[in-house]
Amino acid sequence: MFGYIRPAKGDLKVKEFELYRSVYCGLCKQLGRAYGPFARMTLSYDFAFLSLLHMSVNGQKARIAKQCCFVNPLKKKNCCLQNPSLEFSAAAAMVMLYYKVVDNIQDSKGFKKCGYFLLKPFAKSAYKKACRVYPQLGNIIGDCMKRQAELEHMDVSSIDRAAEPTAQALSQICMLLTQRPEQKRVLERFGYCLGRWVYLMDAFDDMEEDLKNKNYNPFLLRFGIIEPDEQKIKQAKEYAVGALNLTLGELANAYVLLDVKAFEPIFYNIVYLGLPLAQRQTLIKKEN
């Protein structure tokens, strides 16, 4: 994923922020423990969120202890101890990394392409190890990347069609988080809306870069933008913000039905404050 699913830190209480950070640090340790030190570089807010969601819907409590930090070994931090939720999220991160590397090899040129070639053996090894434990993740994400590549090859201009593979992938991943039938249905919808929002955010964030590099972007195709055009780009941004806001509204409706009592203040912060804040920050960055 892309690092957009993060809390608005300034609106979290100290104890809530410490709990969130302990899960974030615990995921970092799990990546290093299961897949080696280089795997820590894939650490992101998105997979920390997935860990919290997995723990919450399964009624798990975070067991926390003071441990040394990989970046600063002399300073101990609160860290969530190893549990199935961290293991699941770490595996998802490795599967995502592999397909991202493969995709970047196809899209990149020059030194960047060489760098991804060098990274591929590590990513493939971690991918195989993750799929041995969670084969469903490999199938879900692999199918998503395949369908996404097909749509991009067809230059699909429909925002809904372009966002569908990512939305469906996160929907199916979220359904794996619990065996409770009533929560599976809610998680399916919640994951779908969240995956759609993440895809749209990434496309919105990359508009100028994709235009410059002649890469696929559904918002650019939607408005027929092939060369810099200030008026059309403004229209595309306004359309993107509208689509993002609509998706956030649907996400909030699904969130209300989720049983996330264990970490409710953190989830509330992310859904109602953190995601809109990430969206506003991206817009402000573009305006500047």
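The shown structure was predicted, so the numbers you read here are calculated from the model rather than taken from an experiment. (Residues numbered from 1 in each chain as written. Predicted model: local features only at pLDDT ≥ 70, side-chain atom pairs only at ≥ 80, totals over all residues. Heavy atoms only, no water.)

**Details of helix α7 (residues 181–205)**
Note the following rule: Helix and strand definitions follow DSSP, with helices as H or I runs of at least four residues and strands as E runs of at least two, each counted in order from the N terminus. By definition here, a helix of n residues has an expected span of 1.5 Å times n minus one. To sort residues, take the accessible area from a 1.4 Å probe on protein chains only and compare it with the maximum for the residue type: under 20% means buried, over 50% means exposed, and anything in between is partly exposed.
Under the 1.5 Å per step criterion, the end-to-end length of α7 is 36 Å for 25 residues, consistent within 8% with the ideal 36 Å. Across the 25 residues of α7, 18 count as buried, placing the element largely inside the fold.

**A look at the pattern of salt bridges**
Keep this limit in mind: Counted as salt bridges are all cases of a side-chain nitrogen of Lys or Arg within 4 Å of a carboxyl oxygen of Asp or Glu.
This model, assessed by the stated rule, comprises 9 salt bridges. Residues Arg180 and Glu182 are paired through a salt bridge, measuring 3.2 Å at the closest nitrogen-oxygen approach. Accessibility expressed as a relative area gives 45% for Glu182, which makes it partly exposed. Across the pair Glu250 and Arg189 runs a salt bridge whose closest N-O atoms are separated by 3.1 Å. Of the two residues, Glu250 is situated in helix α10 (residues 230–255) and Arg189 in helix α7; the sequence distance between them amounts to 61 residues. Among the residues examined, Glu250 registers a relative accessible area of 32% and is labelled partly exposed. On the basis of relative accessibility, which here comes to 39%, the residue Arg189 falls in the partly exposed class. Connected through salt bridges with shared partners, the residues Arg180, Glu182 and Asp259 form a single ionic network.

**Re the state of the cysteines**
Here is the rule: Whenever a pair of cysteine sulfur atoms sits within 2.5 Å, that pair is classed as a disulfide.
Under the definition given, this model contains 0 disulfides. Distance from the sulfur of Cys28, which forms no disulfide, to the nearest cysteine sulfur (Cys69) is 6.8 Å. You can see Cys69 has no disulfide; the closest cysteine sulfur is in Cys25, sitting 6.1 Å from it.

**So, the nonpolar core**
Note on soluble globular proteins: their nonpolar side chains tend to be buried together. Quick note on the threshold: What makes a nonpolar core is a set of buried Ala, Val, Leu, Ile, Met, Phe, Trp, Tyr and Cys residues whose side-chain atoms join them at distances within 4.5 Å. Whether two residues are in contact is decided by their heavy atoms: any pair within 4.5 Å suffices.
Judged by nonpolar contacts, the single largest core of 92 residues is most densely connected at Tyr35, Leu53, Met94, Phe190 and Trp197. Examining the composition of this core, we find that 13 residues originate from one element, helix α3 (residues 84–107), more than from any other. Setting aside chain neighbours within four positions, we find Tyr35 in contact with Gln30, Ala90, Ala91, Met94, Phe122, Ala126, Lys129 and Ala130.

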